[in-house]
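# Structural characterization, general
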Amino acid sequence: IAKTINGDWEKESVKTPLKTILLQHPDIEYIFAHNDRMALSAWETAKILGLEKKIKFIGVDGLNTVNGGIELVKGGVLDGTILYPTGGNEALKLALKMYNKEPISKNNILNTIVIDQNNAEIIENQMDKVDQQQKVIESQQGAIKVQEREYASQNNLVRLLSFFLVIILSLTIYSIYSTISISRKKKQLEKI
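It should be emphasised that the depicted structure is a prediction, and the values quoted were computed from it without experimental measurement.

### Looking at helix α1 (residues 12-24)
At Leu18, α1 shows its maximal kink, close to 30°. Within α1, burial applies to Val14, Leu18, Ile21 and Leu22. Looking at the buried side of α1, the elements it contacts are β1 (30-32) and α2 (36-48).

What follows is the structure in structure tokens.
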């Protein structure tokens, strides 16, 4: 390792210090950046100095976006990018095991995938498919919410109609009772 730059994960934070390093060490073979934005910035800086063909650039994230790692690998800007899981799911599982006092392994390694020219197209297609499926899921969730609102409004309507039905039945029963009662009193009056 010739030098290390603290790039703060931002593209512009790499350019000036890297230019100084490349002028001092023009024989650098690899540049590894902890995200694809910084790797792109490193490539741009090397290109200004005419060193972009001599150095291999590797980033991290492997995003399937404009200027994301996959596009940069396919375009020949990066020689590779590393796609890695965030580990959130694994951390929760470990926390639950610890909470339940189950044995856990001291080392828990997250599997990563190196995306290079050989598999960039495949990974991109898979991510596109995942994005399509995510849109379908979101659409279905939207449809479910619409159905839930309709169900709630229909449920309220059924309750209101049931309430009116009870009132109508009560009035009908009262009306029948009143009619019978009046009829009895009329007969009593006629007798009197």
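### Re the pairing of strand β3 (residues 80-83)
Judged from the three bridges that link them, strand β2 (residues 56-60) and β3 form a sheet pairing that is parallel. Each residue of the ladder has a partner; that of Val60, found in β3, is Ile82. For the crossover from β2 across helix α3 (residues 69-74) to β3, the handedness is right-handed. As paired elements, β3 and strand β4 (residues 113-115) share three bridges and run antiparallel to each other. Residue pairing for β4: Thr81 is matched across the bridge by Ile115.

### Notes on unusual backbone geometry
Its identity as a non-glycine residue notwithstanding, Asp61 has a phi of 130°, on the positive side. Phi angles above zero are rare outside glycine, and Lys101 is one such case at about 60°. Relative to the helices and strands, Lys101 is located in the loop between α4 (88-99) and β4.

### Digging into a nonpolar patch on the surface
Where nonpolar side chains cluster on the molecular surface, the patch consists of Leu157, Leu160, Leu161, Phe163, Phe164, Ile167, Ile168 and Leu171 and spans about 780 Å² of accessible area. Relative to the helices and strands, Leu171 is located in helix α5 (residues 120-191). A residue is classified by how much of its surface remains accessible, and Leu171, at 53% relative accessible area, is exposed.

### Side note on the packing of aromatic side chains
Here the structure, examined in full by the defined rule, presents one aromatic pair. Judged by centre distance (6.0 Å) and plane angle (50°), the rings of Phe163 and Phe164 are tilted. For Phe164, a relative accessible area of 43% puts it in the partly exposed group.

About the cut-offs
- Residues numbered from 1 in each chain as written.
- Predicted model: local features only at pLDDT ≥ 70, side-chain atom pairs only at ≥ 80, totals over all residues.
- Heavy atoms only, no water.
- Bend = angle between axes of the 7 residues up to and from the residue.
- Helix = DSSP H or I, 4+ residues; strand = E, 2+ residues; numbered from the N terminus.
- Buried < 20%, exposed > 50% of the residue type's maximum accessible area, 1.4 Å probe, protein only.
- Contact = heavy atoms within 4.5 Å.
- Pairing = 2+ DSSP bridges.
- Right-handed = clockwise from strand over helix to strand, strands pointing away.
- Patch = residues over 30% accessible without salt bridge, like charges linked within 9 Å, V, L, I, M, F, W, Y side chains within 5 Å.
- Areas by Shrake-Rupley, 256 points an atom, 1.4 Å probe, with all protein chains shown as cover.
- Salt bridge = Lys/Arg side-chain N within 4 Å of Asp/Glu carboxyl O.
- Phe/Tyr/Trp six-rings, centres within 6.5 Å; stacked < 30°, edge-to-face > 60°.

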